[in-house]
Amino acid sequence: MSIKENLENINARIRAAAEAAGRDPDEVKLIAVTKTYPVDMMNEAIACGVTDVGENKAQEVRDKFEHVAPVRWHLIGHLQTNKVKYVIDRCAMIHSVDSIRLMDEIERLAAAHDVDMDILIQVNISGEESKSGIEPGELDELLSHAAELTHTHVKGLMTIAPLDEDAEPHFKNMKKLFDETAKKEYKNASMDELSMGMSGDFEAAIRCGATMVRIGSAIFGARNYN
Ligand SMILES: *Cc1c(COP(=O)(O)O)cnc(C)c1O
């Protein structure tokens, strides 16, 4: 299958999942996850209509950026404070914010570069040891802190479901947390975006309210990490 055919297939599945859930398909944005794939594959996907790409490493954003056609970049993997400099002028959104320290570093560099940065708070909804992201109980502290920031804007939440069990109950819990958080009306923290769902579980995520799905291997094929 070509990237074009895979994209047509994924877009059709996104629409069908949204419609089956009684949702407007335009509420669900596809983020094509391009980590490890070469820039020519990225450019092919962009030529086929991809508007948003996701990388999980800041260095990979830095290295690929100049070689890729105009597109919105998302940083979706764990970000160390000393790597924020690689994404601050390149990414439209950072999905994986998991500490006040990281928020403050994004704010510091966004102010220095005179840019605004949209962020999502990554929540470890399943409580799995190996997963990054904050505990749900820490969310209030981070969102209260966001009220003080002027260049960094919280737009919602992100999660990764466990790969080895049914994702749907975790996505449901995440949607509940998202809705409860929206009701609290934090300053500078809108709940517009709920980023959840990958190649293996995006239809369940859409059923549960995802507004952004992050899909890589179902578009580009198996990854070669070497
Ligand atoms: C790699 C990755 C994805 C996409 O995974 P696929 O299974 O290839 O669709 C989504 N989200 C994050 C955070 C990732 O690192």
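Reading guide: rules and limits
Residues numbered from 1 in each chain as written. Predicted model: local features only at pLDDT ≥ 70, side-chain atom pairs only at ≥ 80, totals over all residues. Heavy atoms only, no water. Pairing = 2+ DSSP bridges. Helix = DSSP H or I, 4+ residues; strand = E, 2+ residues; numbered from the N terminus. Right-handed = clockwise from strand over helix to strand, strands pointing away. Near = heavy atom within 4 Å. Polar contact = N/O pair within 3.5 Å; in protein donor to acceptor, adjacent residues only side chain to side chain. 1 Å grid on protein atoms, 1.4 Å probe; cavity = no way out; pocket = protein on both sides within 12 Å on 5 of 7 lines; lining within 4 Å. Sits in = over half its atoms within 2 Å of the grid points. Buried < 20%, exposed > 50% of the residue type's maximum accessible area, 1.4 Å probe, protein only.

## Topic: the pairing of strand β3 (residues 72-75)
- Across four bridges, strand β2 (residues 52-55) lies against β3 in parallel orientation. Looking across to β3, one finds that V53 is bridged to W73.
- The parallel pair β2 and β3 is bridged by helix α3 (residues 58-64), and the resulting crossover is right-handed.
- Where β3 and strand β4 (residues 91-97) come together, three bridges link them in parallel fashion. Looking across to β4, one finds that H74 is bridged to M93.

## Observations concerning the site of the ligand
- Every residue near the ligand is listed here: V33, K35, N56, I76, I160, M198, S199, R214, I215, G216, S217 and R223.
- At a separation of 2.5 Å, an oxygen atom of the ligand approaches a polar side-chain atom of S199.
- Separating an oxygen atom of the ligand from a backbone N or O atom of S217 is a distance of 2.8 Å.
- With respect to the detected pockets, the ligand is housed in the largest pocket.

## Considerations on the pairing of strand β5 (residues 117-122)
- Of all six residues that make up β5, five are buried, and the element is covered over most of its length.
- The pairing of β4 with β5 spans three bridges and is parallel. What sits directly across from I94, in β5, is I119.
- With respect to chirality, the unit in which β4 leads through helix α5 (residues 100-113) into the neighbouring parallel β5 is right-handed.
- Strand direction decides the pairing type here: β5 and strand β6 (residues 152-158), joined by six bridges, are parallel. Its bridge partner being in β6, D118 is matched across the sheet by H153.
- What joins β5 to β6 is helix α6 (residues 139-146), and the crossover it makes is right-handed.

## Concerning unusual backbone geometry
- Positive phi, close to 75°, is recorded for T36, a residue that is not glycine.
- Examined against the element boundaries, T36 turns out to sit in the loop between β1 (29-33) and α2 (39-47).
- If you check the backbone angles, N188 has positive phi at about 60° while not being a glycine.

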